[in-house]
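# A look at the structure
Spelled out from the first residue to the last, the chains are:
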Amino acid sequence: MNYIKNFLKKLLTKKHKIVDPISSFADVSSSTILINGLKLRFDTFKEDRKYVVIGSNGIISANFIFESEMGLVKIGNNVHIGGVNFISRESITVGNDVTMAWDITIYDHDSHSIYWEHRKNDNNQCYKDYFEYEGNNVINKDWTNVKSSPIKIEDKVWIGFGVTILKGVNIGEGAVVAAKSVVTKNVPPWTVVGGNPARVLKPIEFKEDH
């Protein structure tokens, strides 16, 4: 296969490339702490814009992954993230005073169509791209029939470890998502949800600060 030969040739003759400063694609408050730095991954051609916006006084450990030119992640103030993979093609918005544990995935698109006739060429295209684009196997992905929808996490939410949040979900203010839950539908404010798929387990009595 020619693309395998070309890949091996590129690998043997590969030179170091000048990479755009990652900060040019993000706007992060100077008061926010980025654990292990700002980790952005682009599996696509990049647009000249901000893909990530992070507010003040946060502690953030996260990977921001963009598989197409589209996508946006916005995080508010006083947010503590222990370890999250943000995978965006639409938009993911996190409010203020939000706490997230580790091993969380927030994914605002389906990646593939549920219909075989729409995804039957995906694996072959990935295989070709892997060799032709030095390991980037989604650069020519056909997104035509892949659904995406924004995710919004309101203020004062707590998300436990190992949670997965899928496209189109709105998590209401003050809600708590139990560990290892898979959230596929909207979460009412001031409730505890859990399970796969997540469902309401109990309400939370709201108490005003004194």
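Attention in this report is confined to the structure presented alongside it. (Residues numbered from 1 in each chain as written. Predicted model: local features only at pLDDT ≥ 70, side-chain atom pairs only at ≥ 80, totals over all residues. Heavy atoms only, no water.)

### Thoughts on the overall build of the protein chain
So the rule is basically this: By the criteria applied, helices consist of DSSP H or I runs no shorter than four residues and strands consist of E runs no shorter than two, each listed in order from the N terminus. Each residue's exposure class comes from its accessible area (1.4 Å probe, protein chains only) as a fraction of the maximum for that residue type: buried when under 20%, exposed when over 50%, partly exposed otherwise. Surface accessibility follows the Shrake-Rupley procedure with a 1.4 Å probe radius. Residue values consider only the protein chains on display as shielding.
The number of helices and strands found in the protein chain is 3 helices and 18 strands. Across the 210 residues of the protein chain, 40% fall into the buried class. Within the structure as shown, the protein chain displays about 12,300 Å² of accessible surface, and the carbon and sulfur contribution to it stands at 52%.

### What about the packing of aromatic side chains?
Rules: Stacked, tilted and edge-to-face are the three classes assigned to paired rings of Phe, Tyr and Trp, where Trp is represented by its six-membered ring and a pair needs centres within 6.5 Å; plane angles under 30 degrees give stacked, over 60 edge-to-face, the rest tilted.
Within the structure shown, the criterion is met by 9 aromatic pairs. Here Phe42 and Tyr51 contribute two aromatic rings whose centre-to-centre distance is 4.9 Å and whose plane-to-plane angle is 80 degrees, an arrangement assigned as edge-to-face. Taking 5.7 Å as the distance between ring centres and 20 degrees as the angle between the ring planes, the aromatic pair formed by Phe42 and Phe66 counts as stacked. Here Phe42, found in strand E3 (residues 39–42), pairs with Phe66, found in strand E5 (residues 59–66); they are 24 residues apart in sequence, far enough to count as distant. Like Phe42, the residue Phe66 is buried in the burial classification. Through a chain of ring-to-ring contacts, the aromatic side chains of Phe25, Phe42, Tyr51 and Phe66 assemble into a single cluster.

### Digging into the pairing of strand E17 (residues 191–195)
The test is simple: Here, strands pair whenever DSSP counts at least two bridges between them.
In terms of burial, E17 is a largely internal element, 4 of the 5 residues being buried. The antiparallel hairpin formed by E17 and strand E18 (residues 198–203) contains 2 residues in its connecting segment.

### Quick look at the sheet that holds strand E11 (residues 151–153)
Across the sheet, 6 strands lie side by side as E1-E4-E6-E8-E11-E14; this open sheet has parallel pairing. The two strands at the open ends of the sheet, each matched to only one other strand, are strand E1 (26–28) and strand E14 (170–171). Pairing geometry for E1 and strand E4 (residues 52–54), over 3 bridges, is parallel. Of the residues in E4, the one forming a bridge with Ala26 is Val52.

### Some words on helix H3 (residues 122–132)
Buried residues of H3: Asp122, Cys126, Asp129 and Phe131, and no others. Phi turns positive, to about 55 degrees, at Glu134, one or two residues after H3.

### Let's talk about the pattern of salt bridges
Rules: Within this document, salt bridges are pairs made up of a side-chain nitrogen of Lys or Arg and a carboxyl oxygen of Asp or Glu, the two lying within 4 Å of each other.
Summed over the entire model, instances satisfying the criterion amount to 6 salt bridges. Across the salt bridge formed by Lys167 and Asp110, the nearest N and O atoms sit 3.1 Å from each other. Of the two residues, Lys167 is situated in the loop between strand E13 (164–165) and E14 and Asp110 in the loop between strand E10 (104–107) and helix H2 (116–119); the sequence distance between them amounts to 57 residues. Judged by relative accessible area, Lys167 falls into the partly exposed class, the value being 28%. According to the relative accessible area criterion, Asp110 is partly exposed, its value standing at 33%.

### Focus on the nonpolar core
How we decide: Take the buried Ala, Val, Leu, Ile, Met, Phe, Trp, Tyr and Cys residues and link them wherever side-chain atoms come within 4.5 Å; each set so joined is a nonpolar core. Note on definitions: a residue-residue contact is assigned when non-hydrogen atoms from the two residues lie within 4.5 Å.
Core analysis: the biggest nonpolar cluster contains 37 residues, and Phe64, Phe86 and Ile153 have the highest contact counts within it. Of all elements in the fold, only E3, E4, E5, strand E6 (73–75), strand E7 (80–87), strand E8 (92–94), E10 and E11 reach the threshold of two or more residues within this core. When sequence neighbours within four positions are dropped, the list of residues in contact with Phe64 reads Leu38, Lys39, Leu40, Arg41, Val52, Ile54, Val73, Ile75 and Phe86.

### Thoughts on unusual backbone geometry
Here Asn196 and Pro197 are connected by a cis peptide whose omega angle stands at 0 degrees. For Glu134, which is not glycine, the phi dihedral falls at a positive 55 degrees. As for its placement among the helices and strands, Glu134 is situated in the loop between H3 and E11. By relative accessible area, which is 34% here, Glu134 ends up partly exposed.

### Side note on the pairing of E3
Only one face of E3 is buried: it carries Leu40 and Phe42, and the other face, with Lys39 and Arg41, is open. Across 4 bridges, E3 lies against E5 in parallel orientation. In the strand pairing of E5, Lys39 is matched with Asn63.

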